Amino acid sequence: MTLWKTFINLVLFSTLFLFWGGTGAQAKVLDRVVAKVNNEIITLSALDERARVDMARYSGMGIEALPPFEQVRLQTLEQMIDEILMIGVAERLNMIVEESQMQSALDDIRARGNLTEEQLAEMLEQEGRTMEEYKKRIREQILLSRVINLEVRSRIKISKEDIAAFYDAHRKDFWTTPKVHARHILFILDNSLTQDEVELKKKKARMALEEIQSGRDFVDVAKEYSEDVTASNGGDLGVLEKGKMISEFEDAAFSLKSGQVSNIITSPYGLHIIKVDEVLHGAPIPMEEVEGRIEAQLKHERFESVFKEYIEDLRARSFIEKRLGSLKLSGEKNKKPVVAGKMPGSSMHKVEATPMKKKVLRQEEILPPLQIGKKQTLQKETPVTREFEPLEKKLKYYKNLRDMDLITEQEYNRRKKSLLENL
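K.L.:
I'm lost on the pattern of salt bridges in this one. Help?
P.N.:
With the rule as written, the count across this model stands at 21 salt bridges. With its nearest N and O atoms 2.5 Å apart, the salt bridge here joins Glu-211 to Arg-216. The class for Arg-216 is partly exposed, based on a relative accessible area of 31%. Taking the shortest distance from any N to any O, the salt bridge between Glu-295 and Lys-299 comes out at 3.5 Å. With a gap of 4 residues between them, Glu-295 and Lys-299 both fall in helix α11 (residues 287-316), about one helical turn apart. The partly exposed category is assigned to Glu-295, whose relative accessible area is 28%. Salt bridges sharing common partners tie together Arg-50, Glu-83, Lys-136, Arg-137 and Glu-140.

Here it is, written out as structure tokens:
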């Protein structure tokens, strides 16, 4: 798999339908330069557009207390500065994205979003974008991935000794889960039953247990008495893994030895008589079988620190000037500016506007997903479970989108009405 393909799978498609940064038509303030990075500039409109995308991602994650927009904006600015610096590295190294590579990435985007060329072009046009601008953004994302792989990932070396040390220190994490091969006889209890019917089922359960204890084969008793769908095969539940059953059943099943039968167990489903045919005890997983997992985890952990060192060194060798002015957070007014390098003839007032200790980002945060979509009808891929979230949480989610100008008041009211009608 080519390098760009790996990046596309990792980052590009976490969400397809969300607009991406630029000077949007909805900008509500007079545009101005908020930062200079070597020979490049970042405008307030571009920063705000990108920050709104980041804010929408936080909202889509279901975060209860969203960070203030000003804080997100400041973090987004730092991220945009890092991207400009890395694109500069790619240019100095004469990295080139072939047209065929860019086109393949574009084809993958369309395929993942189930879009035709005409639909993609229409979506871009509705946002005031051109296909060439979008292709340029794809090229930049691919270049960022290449720089990170060349300049950061190549520095991360994991030895056999590192893997062995991690394995020894985390042996408890490398055990197979205990399992049992079990059968059961079930007498279903629910709220529709009368007290007499409940008592009758309890009586049948005692009769079944007595027959088993008297020597009758469990399979035959299950076929005669059990109300579960497994009755026809003697109550066979197959191999059950610890930690994946209701507690009442699991506690009873894992307290038995091979061949033993439980007493009558009550669970939310009803009355059970359980037999364990075989106990499969947990066992250590050989290191050879988990080397790949350990190596991937160690690389992931080391990536953050190596990337941080790389970016700090890159910043130290670059000219960075920020002019956020009144957008600073409180407590930053008297802080001395931090400017790496000096550009001849520069007269811009230097302002340090970082609100907090700079967060070490994951790669998917360093390289934000390339996203498109209509602002008026924002669409996002969300987990299926979102359909079952409380109404209050959904309303709050839509309200956040409206407050960030990601959907219109009309769209907000339409969604709210739809939720209430489906109650």
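On we go from here.
K.L.:
What exactly am I supposed to notice about the packing of aromatic side chains here?
P.N.:
Two numbers describe a pair of aromatic rings. These are the distance of the centres and the angle of the planes. Applying the stated criterion across every chain yields a total of 4 aromatic pairs. Arranged with centres 6.4 Å apart and planes meeting at 65°, the rings of Phe-166 and Phe-174 form a pair that is edge-to-face. Both residues of the pair, Phe-166 and Phe-174, belong to the buried class. Chaining the aromatic ring pairs together yields one cluster made of Phe-166, Tyr-167 and Phe-174. For the cation-ring pair, Lys-242 lies above Phe-254, with the distance from its terminal atom to the ring centre recorded as 5.5 Å.

K.L.:
How should the sheet that holds strand β7 (residues 320-322) be read in this particular structure?
P.N.:
Two orientations exist for strands paired in a sheet by backbone hydrogen bonds: parallel and antiparallel. Strands sit in the order β2-β1-β7 across an open sheet of 3 strands; the sheet is antiparallel. Both edges of this open sheet fall to β2 (40-43) and β7, since each of them pairs with a single strand only. Each adjacent strand pair in this sheet contributes to an overall mean axis angle of 15°, direction not counted. As paired elements, strand β1 (residues 33-37) and β2 share 4 bridges and run antiparallel to each other. Each residue of the ladder has a partner; that of Ala-35, found in β2, is Ile-42. Packed onto the sheet, helix α2 (residues 44-60) meets β1 and β2 and runs at close to 65° relative to β2.

About the thresholds
Residues numbered from 1 in each chain as written. Predicted model: local features only at pLDDT ≥ 70, side-chain atom pairs only at ≥ 80, totals over all residues. Heavy atoms only, no water. Salt bridge = Lys/Arg side-chain N within 4 Å of Asp/Glu carboxyl O. Buried < 20%, exposed > 50% of the residue type's maximum accessible area, 1.4 Å probe, protein only. Helix = DSSP H or I, 4+ residues; strand = E, 2+ residues; numbered from the N terminus. Phe/Tyr/Trp six-rings, centres within 6.5 Å; stacked < 30°, edge-to-face > 60°. Lys NZ or Arg CZ within 6 Å of the ring centre and 35° of its normal. Pairing = 2+ DSSP bridges. Axes fitted to C-alpha atoms, helices over the stretch in contact; angles between N-to-C directions. Contact = heavy atoms within 4.5 Å.

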